[in-house]
Amino acid sequence: MELPLNEAAANSKRRRWALYARVSTADQRNGLDAQVRALRIFCEQNNVVDYELFADENQSGTKSSRPALDRMMRAVENGEIESVVVFAFSRYARSVTRMLKGLETFKKCSTNFVSLTEKLDLNTSLGHVVFVIIPAIAQLERDLIAERVRNGLAAARARGKILGRARKRNSA
């Protein structure tokens, strides 16, 4: 019996683990360090020595393309990654669509997905359902925050508040 291409590639190469961390702004540098530390501690506790760290700084979770994430996903698709470990689902993606697309890619490429915060086994039916629900809640949270900001800005404008930087020169 001939193995599918992705399984044959996975079996012919030594597969490593991928650790992925992300923060949205440079101000969250400490958050990135904390994620990386937690990921490395996980590897030490589970005797994982062959891993590569992929980290995105100043990258929103809503972006469809992020440099380190894109490199990691190419490695997954090439059969080079055995498991992907993230601190939390929200570090990987903030939209349900991105999460489901990632899960589909991981399954297709026989790559495990581990989230330290949620502690879910994605190989079970319940794990898959929770994997869908958590990003939906994260997306809802992000949408509610954006809505509150828009409402706050509209209320400030209605009170006559001038928003933005003061002009330094005439626009003309």
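Given the structure is predicted, the values throughout are model-derived calculations rather than measurements. (Residues numbered from 1 in each chain as written. Predicted model: local features only at pLDDT ≥ 70, side-chain atom pairs only at ≥ 80, totals over all residues. Heavy atoms only, no water.)

### Side note on the overall build of the protein chain
Reasoning step 1: A tally of regular secondary structure across the protein chain gives six helices and four strands.
Reasoning step 2: Viewed in the frame of its principal axes, the protein chain has a C-alpha envelope of about 70 × 35 × 30 Å.
Reasoning step 3: Residues classed as buried in the protein chain amount to 35% of the 172 residues present.
Reasoning step 4: Considering only contacts within the protein chain whose residues lie at least 6 apart along the sequence, 72% involve residues at least 24 apart.
Reasoning step 5: A total accessible area of about 11,000 Å² is found for the protein chain, and carbon and sulfur atoms account for 52% of it.
Reasoning step 6: Charged side chains of the protein chain number 29 positive and 19 negative; the gap between the two group centres comes to 12 Å. (Helix = DSSP H or I, 4+ residues; strand = E, 2+ residues; numbered from the N terminus. Buried < 20%, exposed > 50% of the residue type's maximum accessible area, 1.4 Å probe, protein only. Contact = heavy atoms within 4.5 Å. Areas by Shrake-Rupley, 256 points an atom, 1.4 Å probe, with all protein chains shown as cover. Lys, Arg positive; Asp, Glu negative; His and termini not counted. Charge placed at Lys NZ, Arg CZ, Asp CG, Glu CD.)

### Some words on the environment of Val 85
Reasoning step 1: Looking at the element boundaries, Val 85 is found in strand β3 (residues 81-86).
Reasoning step 2: As a C-alpha pair, Val 85 and Asp 70 span 15 residues in sequence and 15 Å in three-dimensional space.

### Points about helix α3 (residues 67-77)
Reasoning step 1: Residues Ala 68, Leu 69, Met 72, Met 73, Ala 75 and Val 76 constitute the buried set of α3. The buried residues of α3 occupy an angular sector of 155° when the element is viewed end-on, so they sit on one face.
Reasoning step 2: Looking at the buried residues of α3, the elements they touch are β1 (16-22), β2 (51-56), β3, α4 (89-92) and α5 (96-108).
Reasoning step 3: Directly after α3, the chain includes Gly 79, whose backbone phi takes a positive value near 75°. (Arc of directions from axis to C-beta.)

### Examining the pairing of β1
Reasoning step 1: Burial analysis of β1 places seven of its seven residues in the buried class, which makes it a mostly covered element.
Reasoning step 2: Both β1 and β3 contribute to a ladder of five bridges, which runs parallel. Across the sheet, residue Trp 17 finds its bridge partner in β3, namely Ser 83.
Reasoning step 3: Of the strand pairs in this sheet, β1 and β2 are connected by six bridges, and their pairing is parallel. Within β2, the position partnered with Leu 19 by the bridge is Leu 53. (Pairing = 2+ DSSP bridges.)

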